[in-house]
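The primary structure of each chain is shown beneath.
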Amino acid sequence: MAATVNQATENNQKLFRQYTKKLSQDDTSVYASHADKLGRWLSDEKAYYKSARPEIVKLLLASILFRVLHDVAESEALDSPVNFEKKCWC
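For the structure given in this document, a descriptive report is provided here. These numbers were taken from a predicted model, which means no experiment stands behind them. The residue numbers shown here count from 1 along each chain, following its written sequence. In view of the model being predicted, local features appear only for residues whose pLDDT reaches at least 70, and side-chain atom pairs are presented and counted only at 80 or more, with totals across whole chains, interfaces and linings using the full set of residues. With hydrogens and water stripped out, all remaining heavy atoms of the structure feed into the side-chain values.

Overview of the overall build of the protein chain
The following threshold applies: Counting from the N terminus, the helices are the DSSP runs of H or I reaching at least four residues and the strands are the DSSP runs of E reaching at least two. Relative accessible area decides the class of each residue, using a 1.4 Å probe on protein chains only: under 20% of the type maximum gives buried, over 50% gives exposed, and in between gives partly exposed. Throughout, a contact is declared for two residues whenever any of their heavy atoms are within 4.5 Å.
Assigned secondary structure in the protein chain consists of 3 helices and 0 strands. A burial count over the protein chain gives 21% of its 90 residues as buried. Put simply, 48% of the contacts in the protein chain that link residues at least 6 apart link residues at least 24 apart.

This is the structure we're talking about:
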């Protein structure tokens with residue numbers, strides 16, 4: 001049983017690294033695809049084991065930061081303000 005838990009934890013660490021890379025790319029289609037996959041993965045309560053929680057928070061923060069930076073860069077390119085109230089980053 002412990003070996004199975006350790007293997008699952010190692011697999012999830014790899015998955016966290018992959019999500020971090022994908023959610024940090026300057027490609028909104030890649031971002032959207034992986035944000036959706038992450039959302040489905042996080043819909044399973046088993047995803048929230050103790051050692052995964054800090055990694056999940058890092059992923060969510062990185063994801064939000066990317067979207068904010070992308071929106072700011074896009075608004076500067078368009079010379080228009082970012083309306084944060086109307087954005088949905090889910």
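Details of a positive patch on the surface
How we decide: Here a patch means residues that are over 30% exposed by relative accessible area and free of salt bridges, tied together within 9 Å if like-charged and within 5 Å if nonpolar (Val, Leu, Ile, Met, Phe, Trp, Tyr). What sets the accessible areas is the Shrake-Rupley method with a 1.4 Å probe; for residues, cover comes only from the shown protein chains. In the sections that follow, a salt bridge refers to a side-chain nitrogen of Lys or Arg positioned within 4 Å of a carboxyl oxygen of Asp or Glu. By the counting rule applied here, Lys and Arg register as positive and Asp and Glu as negative, while His and the ends of each chain are not counted. A charged residue contributes its charge at one atom only: NZ of Lys, CZ of Arg, CG of Asp or CD of Glu.
Taken together, the side chains of Lys14, Arg17, Lys21, Lys22 and Lys37 present a region of like positive charge at the surface. A per-element tally of the positive patch places helix α1 (residues 2-23) first, with 4 residues.

Describing the nonpolar core
Quick note on the threshold: We define a nonpolar core as any set of buried Ala, Val, Leu, Ile, Met, Phe, Trp, Tyr and Cys residues linked to one another through side-chain atoms lying within 4.5 Å.
Membership of the largest hydrophobic core is limited to 11 residues, which are Phe16, Tyr19, Leu23, Tyr31, Leu38, Leu42, Ala47, Ala52, Ile56, Leu59 and Phe66. Listing elements by their share of this core, those giving two or more residues are α1, α2 (28-42) and α3 (53-78).

Observations concerning the environment of Asp27
To keep things clear, this is the line we draw: Any pair of nitrogen or oxygen atoms within 3.5 Å is treated as a polar contact; in protein, a donor-acceptor pairing is required on top of that, and neighbouring residues in sequence qualify only through side-chain atoms on both sides.
Tracing the backbone through its elements, the reader meets Asp27 in the loop between α1 and α2. Sequence spacing of Asp27 and His70 is 43 residues, and the spatial spacing of their C-alpha atoms is 9.5 Å. In terms of polar contacts, Asp27 uses its side chain to reach the side chain of Ser29, at 2.7 Å.

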